[in-house]
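Chain and residue survey
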Amino acid sequence: MKTRRDFIKISALAAGGLAVLKPALSFSSGFFPDEEVPLDESEAQRTPTICEVCFWNCAAFAYKDRKGKVQKIIGNDIDLHSKGRLCPRGTGGPGMLYDKDRLKKPLLRVGKPGNQKFKEVSWEEALDFVAKKTREVGEKYGYESIALLDHGTTAHHFEHLFKSFGSDNTAEPAIAQCLGAREAGFINTYGAGIGSPEPTDLRNAKCLVLIGSHIGENMHNGIVQDMSTGLDRGMTVITVDPRFSTAASKSKFWLPIKPSTDIALLLAWMHVLIYEDLYDKDYIEQYAYGFDELKAHVRPFTPEWAYTKTDIPPQDIRKTAYEMAKAAPSVVIHPGRHTAWYGDDTQRTRAIAILNALLGAWGKKGGYYFPEKIRIPRFPHPKYPEPEWTWKDITKDKYKGAFTGVTNILIDASLPDTKLKHKIKAWYVVATNLIQSIPDQEKTKKALQNMEFVVVVDTMPTEITGYADVVLPECTYLERYDYLRTTRHKIPQVALRMPAVEPMYDTKPGWWISREIGLRLGLDKYFPWKDIEEVLDWQLKQVGSSLEEMKKVGVKSFEREEPLYLEDGEDYFFNTNTGKIELYSTDLDAMGYDPMPVYREHPQPEDGFYRLIYGRVPMHTFGRTINNPLLNELRDENHLWVNPKIAKLLDLKTGQEVWLRNQDGVVSTFPVKVRITERIRFDSVYLPHGFGQKNKKMGRAYGRGAADSEMITRVEIDDVTGGTGMRGNFVEILVEKPQKEEAES
Amino acid sequence: MRYAMAMDTKKCVGCGDCVVACQTENNVPLGYARDWIVEKVEGTYPSLNLELRSERCNHCENTPCVRTCPTGASHVIEGGIVKVTHDECIGCGACIQACPYEARYFHPDGYVDKCTFCDHRTSKGQDTACVAVCPTHSLTFGDLDDENSPISKLLRNRKWKTLAPEAGTKPNVYFLI
Amino acid sequence: MKEELIISGRNIPNIDPVLHIWHWQIPLYLFLGGLAAGLLFFASYFYIRGRGNELKTSVQIAPAFAPFFIIIGLLALLLDLKHQLYFWRLYTTFRIESPMSWGAWTLGVVLPLSFIWPLTYLKEMKKYFSKNFTFMYPIVSWVDTFIKSIKPLEKLIKWFTKHRYGLAWVVIVISVILGVYTGILLSAFNARPLWNTSILGPLFLTSGLSTGAALIMWSSKSVKERIIFSRIDILLVAVELFFIVHLFMGFLASGAVQIESAQLFLGGEFTAIFWIGVVGIGLVLPLILETMELFGFHVPISIPALLILIGGLIFRFVMVDAGQVTRYLY
C-alpha cells in the first residue's frame, strides 16, 4: 500500500520532472506578454480558419488581440467537424504560430548530402535550385521518378504540381501507416471506403465497439464528442484493448485481449451472431452476398476456441455479442483509424466490416450513415500529362488491394538495390516527418541518401529536414489560404481557411511555393491564376457563395441530395462486383487472397521481451506538436507504462529512466521514464507516440522521452495493401544505457 | 446567485483542452496553470477503475484564502467567485498556504493569481472558457440558486463528490461520479 | 495498486510537486520574532517583579538586541514578499481574521516599544558595554549623544523612564502576543495539517521564551542571573518537550492527513533533522548540560545557550518546510 507521500512523488514525475529545465526556457512571463486582460470577443477581430494541427481539420475562428496577435482560436459553431469546440491541439494553435523554433528562412544544404549544415538563402535562390534539380532529375530519369511524400492540406498544392509535371507517385504515410487497410477492408465489403471523418452515427448509436481504438486519447474531435454524447444517452461501449485505455474506462465491457488475436475474437462474435440466430436476417438476405460461405467458414470459431487465443472468457464474448445484437442496427463496430498492425490488417478490418453487416448497421440510423459532400469544380486548367508509369506499376503486382500510392513501396523504389522495375530518384517531402511517421528508420535513411535530391516543405525543423537538400519554410495554417474544405458529413459543408495574420519571418504559403516551382518549370498553363484568392472566389461562386461571404461565415452548409440512411427494405446497389455487401469478397478471391478473414497466429514476445504497444496522447498530434509551447506544457515527454508485476520482476521504480532495446538489437537513443501502472498488460509495455525527437532545433521536444518509431524495425506488411504493420515489435527494458558498441552490434 | 461548476468524471477523457483554453483566454503565463487534470487509477489488472478530473479553484463557500489575506486583495465577488485584486496583493503567500487545493500560485509579476471562473465572461452570461471548449461536455457552469439551471438539475440527478470536504471549505466545484 | 497523478503536466514553480513558497525568510522571521518576544518578556516581567537591578542583563541590557532582531526579521519578511512594492497595503487595512495582518500590526507596535525600553536604560548600557561586548559601546554612546541632541526625544525618553512600570505592562502583554503570534501564523492554516493545531501557539511561545532566556543567560556576567535563567530554561525546555509529545499525540489521534503529517517526523523525510536537530541538540542535550551545571559540573554556559538557539532556529525551519509538504489531496 502506497502512502500519500509516494503519490506526491509520482505526481512530481507525472508533471514531467521539468523543474530543472523550465527556468531555462525563455518564456518565463506570459505567452502573450503584452496582454494583461482577457480578450473581449465582441471587440476582437476574427477570421475564419481551418485547423491544421491534425487531419480532422475543424473549422474555427482566430481571434486577435489589440496588437494584432492571434490570442485564441474558437471552434465555428455550425461546423460539423468541431461543433464549435476545438480539441486541446486546436485550442493550442497559437502555440504553433508563435513557436520560436519554427523554420524561418529557406535553407540550402552546404556541402555533401547527409551533413546537417545549411545556409539561409533567399526564396529566389531556393526555388531556382528546386526547379533546376527537378528538371535535371526529370530529364535524366523521367519526371515519374520524383516522388511526393506528403500529408495534410498543403499536400493538395503539391499533388497538383506533380500531376502538372507528370508524376503520379504520391503517397501519404497516413494511408500505408494508418488507414489504408481499413479502407481496403470496407471497399472490399461495401464497395465504399470509410473516409474521414468516419461516418459513424454515434449520436444515435446504442452500442459502440472499439477494437483497439483509443478514442479520447486520439482526439478525433467529432468522434470524441459523439462518443461523449452517446455515453450521456446510455450507449453501451465495448472496448477491446490490451491496455486499460481511457475509452476502456468509459466502457461497460472492457475485453483485455491478448495482443494480435483480434481476428479470433471477431470470428467468434460472428459465430455467436450466426449460430445463435442473432444477426439481421432481412438485411443479410436483401443486401449481402456469401452468407452461407461465411456461416460455414465461422463454424469452428466458437467463443471457447477464441478463449484459447484471446484470453477472453467465452461468456464475455457471448455477453458482448448479445449486447451488440440487442442494439442492432444502432450499433457501430468502429473501423478504427490507425489499422496497420500485424500484416493481416485488411482481413481484420474486413472482419469488422462483416460484423457490421451481420448487425445490419451499414446505412442505418445509429450505425453508419451515408456521408455526402458538395462537389466544387476545379479551377479550369489543361489536362495533366499522362505519366509513363505510376505507383500502380510497382505496387499492384504484389499488393493488389492497394488503392493509392504506398509510402513504403515508394521508399523501396528509392533504395539503391531496389528490385522494383521502376526507380525513384528524388523526393518532395511535404508536411510529414518521414523519420517518425514511417517504420524502419534505417531503411528510410538509406533511401534518403540514395536520392539525387530531397526538398522538404514544412513549418518546423523536424528530423526529416536534416536530410533535405533544400528546406522550404511554409507558413502555418494561421498565416495562409488553402483550398476549400469540402466536408463529407451528414450535411455537406464548405469551409474556408484564410490568413489571420501575415506570414511571419520569411515563410510562404504552400500554394505559392508550388506555383512558383511550377512557373519555373514552365508549367504556367496549369497555374492560370494570380493568387489563390482568385481560385477560391471562382470556386465558391460555382456553388452560389463567394470568398466575401465565406470570409464572414467561415462555414457554409448545403442541402443533401440523397437520404442519410437506408429505408427499411429499400433497394440499394453496392459498388461491388455482386452489387451486394460482400461477406465473401469476390475481389479478394480473384486477387488470390482469403475471401473471408482467417485467423493466423502472430509471433509473441520471448522471455524478457514485451510487446511494444504505442498510441496517442490527446494533447499532441504525433510528433508534430511536441514543440508547441502551449501543448508542450501539457505533456513534454512520454512515459513507458509497465505493469506492476513486471516492475517488481525487473525492480523498476516509477520515474526511473530506462532504455529500450528491441528484438533486432536497436537501442532507444534517449531514456524514458517508467510509469508503473495497472493500466497495461503484463506481456506488453505502452509508449505514447511522438516523443523522443532528435532534431536539436526543436528546443522543447529534443530528447524528451523515447521514440516508439525508433523501436519499430520489424514491419509486417499487409499482404493486400502493402501497409506497414508495426505492432509486432518486442522490447526489453534496460536500466542502464548500453555501451555504444553493443548498441551497434 | 451562487455560481458553481459540475465536472463529469465519467465523460472526461483528460485531454487538457480546458487547460489550454484557460491559458489562451486568460493569458496565463507558460509554466503556470489555473486548471489541471488529475488521473486516479484503482484496482488490479483487469479489474480497474479510472477517474479523470479537471480541477481548478473550488470557489469555496468557506474561503480560508480570503480570510487569511492581510490586505483584502483576496475577496469574494457576486456569485461567490473568489478573486484577487492584483495591486492590493503583497505576495505574502498566505492564501497559497491556506488553499487545500493548491489552486493558487505566484504570477511571475509577483501577485497571486488563480481561476476567476472567467468572471469577464460569466458576468455576461457566457460559459467559462474551459466549459465552452470542453469537447466531451464534461463541464457545466451555472447558478445553484436557480433550481432549474442545468447544473442544479445535474446535481440533483447524479451522484457527486467534492474534493477534500474534510477541509471544511464547502467547495463549489462538484465532481459527478 | 492506486495511482493519483496530475497528468496535464502541471509544474508551477514552488507549488509543484510540493508547496515550497516560504523559504528561509519566514522561519528566520519567526525565530527572530520569538527571540525578541522572549527578551522583551523577561525584561518587563522581572522589572514588574521589582528585580530590575538584581537581574541587570535581562532587564537592562539584553532587550537592546530586540530591535535589531525585529528589524532583521521584518527585512526577512519583506524579502519574502513577491509583490514588494505593495508592502504598504498591509497598513491600509486591518483584517481581523488574517494572522498576517495581526502580525503586521503587532510588529508595528512592538518595533517602537522594542526601541523605547532599551533607550530608558542607556546609562546602564553604556556602563555594561564599556566592559562587555565592547564593540557595542560606540553604538550605544552614539545613540546616547543623538538622543541628547534632540530635545523632544530626550524628553520623551525621560517620560518613559519615569513611567517604566506602565511601559513594562504594555511590553509584557505585547511580547506574549508576539511570541504566540509566531505560532498562530502557521496554525491558522487549515490546509496544512501539520500546522493546523492550536498547540503550535503555546509551543512557539515557549520556544521563543527559551531562546530569549538562553541569550540572556549567555550575555549575563552575573552567576546568580545565570542560574536563574538556567533554571528558567530547564523549565521551558521541559514544557516544550511536553508540548511536542502532545503535538504528536494530537496528530496520531486525529484524521488521516494529520496522521500522515506526523509520519513525516516518525519515519518520514524530516525524522532525522527533527529528532536529532531539534529535540536532541536543541532541547535534550542543553537540558542535560544545564542540569549537570545545577549539580555542580562545570559546563561553559555558552554551549547550552548556543544549542538552544540553534535548536530553536532549526525548529522553525523544519516546521515551515514540513508544513508546506503536508496537504489534503493526492
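Computed from a predicted structure; not experimentally measured. (Residues numbered from 1 in each chain as written. Chains lettered and ligands numbered in written order. Predicted model: local features only at pLDDT ≥ 70, side-chain atom pairs only at ≥ 80, totals over all residues.)

**Considering the overall build of chain C**
Of regular secondary structure, chain C possesses 13 helices and 1 strand. When the elements of chain C are put in sequence order from the N terminus, they spell out β-α-α-α-α-α-α-α-α-α-α-α-α-α. Projected onto the principal axes, the alpha-carbon positions of chain C cover approximately 75 × 55 × 30 Å. Taking all 330 residues of chain C together, the buried fraction comes to 52%. Intrachain contacts of chain C at a sequence separation of at least 6 include 73% that bridge at least 24 residues. (Helix = DSSP H or I, 4+ residues; strand = E, 2+ residues; numbered from the N terminus. Buried ≥ 20, exposed ≤ 12 C-beta atoms within 10 Å, placed from the backbone. Contact = placed C-beta atoms within 7 Å.)

**Observations concerning the sheet that holds strand β8 (residues 207–211) of chain A**
Residues and elements named next belong to chain A. Spatially, 4 strands are ordered β10-β9-β8-β12 in an open sheet, and the strand pairing comes out parallel. Both edges of this open sheet fall to β10 (253–255) and β12 (331–333), since each of them pairs with a single strand only. For this sheet the average axis-to-axis angle between neighbouring strands, irrespective of direction, equals 10°. Sheet topology note: the β8/β12 ladder contains 3 bridges and is parallel. (Pairing = 2+ DSSP bridges. Axes fitted to C-alpha atoms, helices over the stretch in contact; angles between N-to-C directions.)

**Remarks on the sheet that holds strand β1 (residues 2–6) of chain C**
Strand-to-strand pairing in sheets goes through backbone hydrogen bonds, with the strands running parallel or antiparallel. In spatial order, the strands read β3(B)-β2(B)-β1(C); together these 3 strands make up an open sheet with antiparallel pairing. Across the chains shown, the open sheet's two edge strands, defined by having one partner strand only, are β3 (47–56) of chain B together with β1 of chain C. The mean inter-strand angle of the sheet, taken between neighbouring strand axes irrespective of direction, is 10°. By the bridge criterion, 10 bridges tie strand β2 (residues 35–44) of chain B to β3 of chain B in an arrangement that is antiparallel. Within β3 of chain B, the residue paired with Val38 of chain B across the bridge is Arg53 of chain B. Lying on the sheet, helix α1 (residues 17–26) of chain B is in contact with β2 and β3 of chain B; it crosses β2 of chain B at an angle near 170°.

**Quick look at the interface of chain C and chain B**
With 41 residues of chain C in contact, the opposing surface of chain B contributes 45 residues. Every element with two or more residues in the side of chain C that touches chain B is listed here: β1 and α4 (99–119) of chain C. Residue contributions to the side of chain C that touches chain B peak at 5 residues, all from β1 of chain C. When grouped by side-chain class, the residues that make up the side of chain C that touches chain B number 22 nonpolar, 9 polar and 10 charged. Pairing analysis gives 5 bridges linking β2 of chain B to β1 of chain C, with the strands arranged antiparallel. Each residue of the ladder has a partner; that of Glu39 of chain B, found in β1 of chain C, is Leu5 of chain C. (Nonpolar A, V, L, I, M, F, W, Y, C, P; charged D, E, K, R; others polar.)

**Here we look at helix α10 (residues 223–252) of chain C**
Residues and elements named next belong to chain C. Look at α10: 43 Å from first C-alpha to last across 30 residues, which is about the 44 Å you get at 1.5 Å a residue. Turning to α10, its buried residues number three or more, namely Glu225, Arg226, Ile228, Phe229, Ser230, Ile232, Asp233, Leu236, Val237, Glu240, Ile244 and Phe251. Contacts from the buried residues of α10 go to α2 (56–61), α9 (200–219), α11 (256–263), α12 (271–294) and α13 (302–325). (Expected span 1.5 Å × (residues − 1).)

**Observations concerning the packing of helix α12 (residues 303–310) of chain A against helix α13 (residues 314–327) of chain A**
All names here are of chain A. Following both chains from N to C, one finds α12 and α13 inclined at 115°, their axes separated by 8 Å at the closest point. Pair α12 / α13 crosses with right-handed handedness. Counted together, Pro303, Glu304, Ala306 and Tyr307 of α12 and Pro314, Ile317 and Arg318 of α13 form the full contact between these two elements. In the contact of α12 with α13, the residues fall into 5 nonpolar, no polar and 2 charged. (Left-handed = near helix turned anticlockwise from the far one by under 90°.)

**Quick notes on the pairing of strand β23 (residues 672–676) of chain A**
All names here are of chain A. Taken across its 5 residues, β23 has 5 buried, putting it largely inside the fold. Bridge analysis of strand β21 (residues 639–642) against β23 gives 4 bridges, and the strand direction is parallel. By the bridge assignment, Val642 is partnered in β23 with Ile676. The sheet contact formed by strand β22 (residues 657–662) and β23 spans 2 bridges and is antiparallel. Bridge assignment links Val658 to a residue of β23, and that residue is Val672.

**With respect to the pairing of strand β2 (residues 59–64) of chain A**
Residues and elements named next belong to chain A. The buried fraction of β2 is high, at 5 of 6 residues. Across 6 bridges, the pairing between strand β1 (residues 45–50) and β2 is antiparallel. Across the sheet, residue Gln45 finds its bridge partner in β2, namely Lys64. Here β2 runs beside strand β3 (residues 70–75); their pairing, made up of 5 bridges, is antiparallel. For Lys64, the partnering residue across the bridge sits in β3 and is Val70. Counting the residues that bridge the hairpin from β2 to β3 gives 5 residues, and of these Gly68 lies at a positive phi of roughly 85°.

**Details of the environment of Asp311 of chain A**
Residue and element names in this part refer to chain A. Mapped onto the fold, Asp311 is located in the loop between α12 and α13. Through-space distance from the C-alpha of Asp311 to that of Thr261 is 9.1 Å; in sequence the pair is 50 residues apart. Ignoring anything within four residues of it in the chain, the contact list for Asp311 reads Ile257 and Lys258.

**Examining the packing of helix α9 (residues 262–275) of chain A against α12 of chain A**
All names here are of chain A. Across the interface, α9 lies against α12 with an axial gap of 9 Å and an inter-helix angle of 170°. Between α9 and α12, the angle falls in the class roughly antiparallel. Within the contact between the two elements, α9 uses Ala264, Leu265, Leu267, Ala268 and Val272 and α12 uses Pro303, Trp305, Ala306, Lys309 and Thr310. (Parallel < 35°, antiparallel > 145°, perpendicular 65-115°, else oblique.)

**Things to note about the nonpolar core**
Ranked by internal contacts, the top residues of the largest apolar core, which has 376 residues, are Leu267, Val454 and Val685 of chain A together with Leu39 of chain C. The greatest single-element share of this core, amounting to 16 residues, is contributed by helix α1 (residues 25–48) of chain C. Excluding residues within four positions of it along the chain, Val454 of chain A makes contact with Ala426, Trp427, Val429, Leu448, Tyr467, Ala468 and Asp469 of chain A. (Core = buried A, V, L, I, M, F, W, Y, C linked by C-beta atoms within 7 Å.)

**Overview of unusual backbone geometry**
For the peptide bond that leads from Ser196 of chain A to Pro197 of chain A, omega is -5°, which places it in the cis range. Following Asp16 of chain C, the chain continues to Pro17 of chain C via a peptide bond in cis, the omega torsion being -5°. Summarising the element assignment, Pro17 of chain C is placed in the loop between β1 and α1. Unlike most non-glycine residues, Phe622 of chain A shows phi in positive territory, near 50°.

By themselves, these figures tell us nothing about what the structure is for.
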